[in-house]
Amino acid sequence: MLEARAFEPEFLRKLDRLVLGIKRARTVRAGQRALGRIQGLGIEPENFRAYAPGDDLRFLDWNAFARFDELMLRTYRVDRQVEVTALVDASASMGLPERDDKLGLALAIGASLAYIGMADNDAVRIGAFSMHRGAMKLDATPFHRRRESYLNFRPFVMSVKAGGETRLGAAVDQLLLQRRPAGTVVVISDFLVNESDVEDALKRLVAARHEVKVVHVMGEQESTASYPSGLVRVRDAETGEVRETVLGPTTAAAIRRKVEKIAARIREICTTHAITYAQAFGAGNLESIMERELPRLGIVR
């Protein structure tokens, strides 16, 4: 399965030069400075302010004192670490068509983003959601920061199976109930769901002050409608509805138009709410998606 690729050393080396394209809260603190990616002593000055009793004397600027005969404290710009959640749709539609390995692609992207985020010591986790018998199942790993702990994600990633219905709104409900600090949420799904549910869920994430990014995954066969011709019985993986249809050039063209319509609508929703949208179509394109498509769109850089 493709998700195993995200733990292969050769693949991970290709991700080493990437960082997550996320916005960081910037704050000014006396005596707490950032150098590169490591929180601690650093050299990025922000401003000066007058000394007040109780301030740390180590951060007095003696050059300023010599020039102005006033005790001045140098302040520094600090990058706050961000909590990053890769939220993967694990509903039944993500498991079909089987040859597309759509869920494997989604998990590989989620794990790759977690690995990239750990380069900045950000707290990252991977979650998977689907609706089973009317109850939302949202499972997630603990947060990890250091790349030394990246392999702790592997058992979870390899255990996720497709099943149940897509209910993004219910998954977001559970996520927000955890009352985590505002961070970055990357939603990875085929979005074969009611568009109003998608828009409402994404709006609520934005309203909770999360930076939201969307990765729209679909399989190669699914997106190109490269199915064998003939009379077939089609069963909806999530609702169980069955119907017969004839597959041929006309039907294939209609399927491709439907895929384009879904993608256009999800992109429109994202644009309306200032959410980054990226397509990840075809499991065979994993490396180009991570190295070219996602950097081009600012999800990584």
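Data block above holds the structure.
Residues numbered from 1 in each chain as written. Predicted model: local features only at pLDDT ≥ 70, side-chain atom pairs only at ≥ 80, totals over all residues. Heavy atoms only, no water.

Caption draft 1: The packing of helix 3 (residues 102–117) against helix 9 (residues 286–297), seen in detail. Look at helix 3 against helix 9: their axes get within 10 Å of each other, and the N-to-C directions meet at 50°. By the angle class used here, helix 3 and helix 9 are oblique. Pair helix 3 / helix 9 crosses with right-handed handedness. For the pair helix 3 and helix 9, contact is made by L105, A108, I109, S112, L113 and I116 and by L286, I289, M290 and L294, respectively. Looking at side-chain class alone, the contact of helix 3 with helix 9 contains 9 nonpolar, 1 polar and no charged residues. (Axes fitted to C-alpha atoms, helices over the stretch in contact; angles between N-to-C directions. Helix = DSSP H or I, 4+ residues; strand = E, 2+ residues; numbered from the N terminus. Parallel < 35°, antiparallel > 145°, perpendicular 65-115°, else oblique. Left-handed = near helix turned anticlockwise from the far one by under 90°. Contact = heavy atoms within 4.5 Å. Nonpolar A, V, L, I, M, F, W, Y, C, P; charged D, E, K, R; others polar.)

Caption draft 2: Region of the structure containing unusual backbone geometry. A cis geometry characterises the amide bond from L96 onward to P97, with omega recorded as -15°. On the secondary structure map, P97 appears in the loop between strand 6 (83–89) and helix 3. Unlike most non-glycine residues, F191 shows phi in positive territory, near 55°. Along the polypeptide, F191 turns up in the loop between strand 9 (184–189) and helix 6 (195–207). In the Ramachandran plot, R209 falls in the positive-phi region, its phi being about 75° despite a non-glycine side chain.

Caption draft 3: Representation of the packing of aromatic side chains within the structure. Scanning the entire structure with this criterion turns up 4 aromatic pairs. A centroid spacing of 5.9 Å and a plane angle of 85° characterise the contact between W62 and F65, whose relative ring orientation is edge-to-face. Of this pair, W62 and F65 both sit in helix 2 (residues 62–68), 3 residues apart, which is roughly one turn of that helix. Residue W62 is classed as exposed on the basis of its relative accessible area of 51%. (Phe/Tyr/Trp six-rings, centres within 6.5 Å; stacked < 30°, edge-to-face > 60°. Buried < 20%, exposed > 50% of the residue type's maximum accessible area, 1.4 Å probe, protein only.)

Caption draft 4: Local environment of the environment of R74. The residue R74 is located in strand 5 (residues 72–79) in this model. R74 sits in the partly exposed class, given a relative accessible area of 22%.

Caption draft 5: Just the pattern of salt bridges, in detail. This model, assessed by the stated rule, comprises 18 salt bridges. Of the charged contacts, one joins K102 and D190 as a salt bridge, the two residues approaching to 3.0 Å between their closest N and O atoms. Of this pair, K102 sits in helix 3 while D190 sits in the loop between strand 9 and helix 6; the two residues are 88 residues apart in sequence, bridging distant segments of the chain. D190 matches K102 in its accessibility class, with the two residues each being buried. With its nearest N and O atoms 3.5 Å apart, the salt bridge here joins E148 to R146. Using a relative accessible area of 48% as the deciding quantity, one classes R146 as partly exposed. (Salt bridge = Lys/Arg side-chain N within 4 Å of Asp/Glu carboxyl O.)

Caption draft 6: Local environment of helix 9. Between its first and last C-alpha, helix 9 extends 15 Å over 12 residues, near the 16 Å set by a 1.5 Å rise per residue. Those residues of helix 9 not exposed but buried are L286, I289, M290 and L294. Projected down its long axis, helix 9 carries its buried residues within an arc of 90°, all on one side. Of the exposed residues in helix 9, the ones pointing more than 90 degrees away from its buried face are R292 and R296. Looking one or two residues beyond helix 9, the residue adopting positive phi is G298, at roughly 85°. (Expected span 1.5 Å × (residues − 1). Arc of directions from axis to C-beta.)

Caption draft 7: Fine view of the nonpolar core. Formed by 47 residues in total, the largest nonpolar core has its most connected members in I109, L113, Y150, V217, M290 and L294. In terms of residues, this core owes the most to one element, helix 3, which gives 11 residues. In this view, V217 contacts M94, K102, L105, A106, I109, I188, S189, D190, A280 and F281; residues no more than four positions away in its chain are not counted. (Core = buried A, V, L, I, M, F, W, Y, C linked by side-chain atoms within 4.5 Å.)

Caption draft 8: Molecular detail of the side chain of S112. Looking at the element boundaries, S112 is found in helix 3. Residue S112 is classed as buried on the basis of its relative accessible area of 0%. Discounting residues that sit within four places of it in the chain, S112 has contacts with A6, F11, L15, Y150 and M290.

Caption draft 9: Geometry of the sheet that holds strand 10 (residues 211–218). Within the open sheet, the 6 strands sit side by side as 8-7-6-9-10-13. Their pairing is mixed. Only two strands of the sheet have a single partner each, and these edge strands are strand 8 (135–140) and strand 13 (276–281). On average, each strand axis in the sheet is inclined to that of its neighbour by 20°, with strand direction left out of account. The pairing of strand 10 with strand 13 spans 6 bridges and is parallel. Among the inter-strand pairings, K213 is bridged to a residue of strand 13, identified as T276. Set on the sheet, helix 6 makes contact with strand 9 and strand 10; between it and strand 10 the angle comes to about 150°. (Pairing = 2+ DSSP bridges.)

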